[in-house]
Amino acid sequence: MASLWRYVLAGLGLAALLAGILAAVYLTAPQAPRLAGSEVARSKKTANGLFVASFEPERGVIRQGELQSWLLTLRTGAGTPVEGAAITISGGMPQHRHGLPTSPQATDYLGDGCYRIDGVKFTMSGLWQLHFAISAAAGSDTVVFNVLL
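Residues numbered from 1 in each chain as written. Predicted model: local features only at pLDDT ≥ 70, side-chain atom pairs only at ≥ 80, totals over all residues. Heavy atoms only, no water.

Chemist: Summarise the overall build of the protein; cite the residues concerned and give the values.
Modeler: In terms of helices and strands, the protein carries one helix and nine strands. Going from the N terminus to the C terminus, the protein shows its helices and strands as α-β-β-β-β-β-β-β-β-β. Counting across all 149 residues of the protein, residues that qualify as buried make up 28%. The contacts of the protein with a sequence gap of at least 6 include a subset with a gap of at least 24, amounting to 59%. Surface exposure of the protein reaches about 8900 Å², of which carbon and sulfur atoms provide 59%. (Helix = DSSP H or I, 4+ residues; strand = E, 2+ residues; numbered from the N terminus. Buried < 20%, exposed > 50% of the residue type's maximum accessible area, 1.4 Å probe, protein only. Contact = heavy atoms within 4.5 Å. Areas by Shrake-Rupley, 256 points an atom, 1.4 Å probe, with all protein chains shown as cover.)

Chemist: Before we move on, could you go through the sheet that holds strand β9 (residues 139-148) and cite the residues and values that matter?
Modeler: Overall, antiparallel pairing links the four strands, which are arranged β5-β4-β8-β9 in an open sheet. Of all strands in the sheet, those bounded by a partner on one side alone are β5 (98-99) and β9. Looking at chain direction, strand β4 (residues 86-93) and β5 are connected through two bridges and run antiparallel. Residue pairing across strands places Met93 opposite His98, the latter belonging to β5. (Pairing = 2+ DSSP bridges.)

Chemist: Could you give an account of the pattern of salt bridges, with specific residues and numbers?
Modeler: Per the stated rule, a full pass over the model turns up four salt bridges. Between Arg75 and Asp112 there is a salt bridge, with the nearest N and O atoms lying 3.0 Å from each other. Here Asp112 lies in the loop between β6 (105-111) and β7 (114-120) and Arg75 lies in strand β3 (residues 68-76), a separation of 37 residues in the sequence. Judged by relative accessible area, Arg75 falls into the partly exposed class, the value being 24%. (Salt bridge = Lys/Arg side-chain N within 4 Å of Asp/Glu carboxyl O.)

Chemist: Talk me through the nonpolar core; I want residue IDs and the actual numbers.
Modeler: Residues Leu72, Leu74 and Phe132 are the most contacted members of the largest nonpolar core, which totals 24 residues. Residue contributions to this core peak at five residues, all from strand β8 (residues 127-136). Setting aside chain neighbours within four positions, we find Phe132 in contact with Phe55, Leu72, Ile87, Thr88, Ile89, Ile117, Asp141, Thr142, Val143 and Phe145. (Core = buried A, V, L, I, M, F, W, Y, C linked by side-chain atoms within 4.5 Å.)

Chemist: Outline the side chain of Arg116, supporting the account with residue identities and numerical values.
Modeler: Its location among the elements puts Arg116 in strand β7. In terms of polar contacts, Arg116 uses its side chain to reach the side chain of Glu58, at 2.7 Å. Among residues more than four places away in sequence, those in contact with Arg116 are Glu58, Ser69, Trp70, Leu71, Gln105, Ala106, Thr107, Asp108 and Leu110. (Polar contact = N/O pair within 3.5 Å; in protein donor to acceptor, adjacent residues only side chain to side chain.)

Chemist: Talk me through the packing of aromatic side chains; I want residue IDs and the actual numbers.
Modeler: Under the counting rule described, the total for this entry stands at seven aromatic pairs. Taking 4.8 Å as the distance between ring centres and 50° as the angle between the ring planes, the aromatic pair formed by Tyr109 and Tyr115 counts as tilted. Look at Tyr115 and you get buried, because its relative accessible area is 4%. Ring pairs connect the aromatic residues Phe55, Trp70, Phe122, Trp128, Phe132 and Phe145, which therefore count as one cluster. Between Lys44 and the ring centre of Phe145, over which it is positioned, the NZ or CZ distance is 5.2 Å. (Phe/Tyr/Trp six-rings, centres within 6.5 Å; stacked < 30°, edge-to-face > 60°. Lys NZ or Arg CZ within 6 Å of the ring centre and 35° of its normal.)

Chemist: Give a description of unusual backbone geometry that names residues and reports values.
Modeler: Non-glycine residue Arg97 carries a positive phi angle of around 60°. Within the secondary structure, Arg97 is located in the loop between β4 and β5. Even without being glycine, Asp112 reaches a positive phi, approximately 55°. On the basis of relative accessible area, Asp112 is assigned to the partly exposed category, the value being 48%.

Function cannot be read off these values alone, since they describe shape.
The structure is reproduced here in structure tokens:
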């Protein structure tokens, strides 16, 4: 009878150890972000309010693991298209603390304030951020877009 109790106690000890390990893994694992609709908006004012920027995938669908083109449309606060802007792009995954796997570039001006951004690639699901630094006749400003895969 005593040996049966040893097996029961050993089993309970093992179960408690496994529960502790699972709890530690769960509590230290990065959590999927929960963003409000405004935080994943595809159109917003730039940081200093000089421009209104809109950002969308050129083909309408976000594709993970593929190089793709996106469209950045810039307008003044009055709605006038922004032409001749110099745009630099950076970003990454803030929760994973790494940058973009590629170096996206503004490659074409398509007219009506719309710029093609080539070389965008999201290699995994999660929260990505794209930072745009914009210089145009109205001045310089920045905008950050969150992309949640």
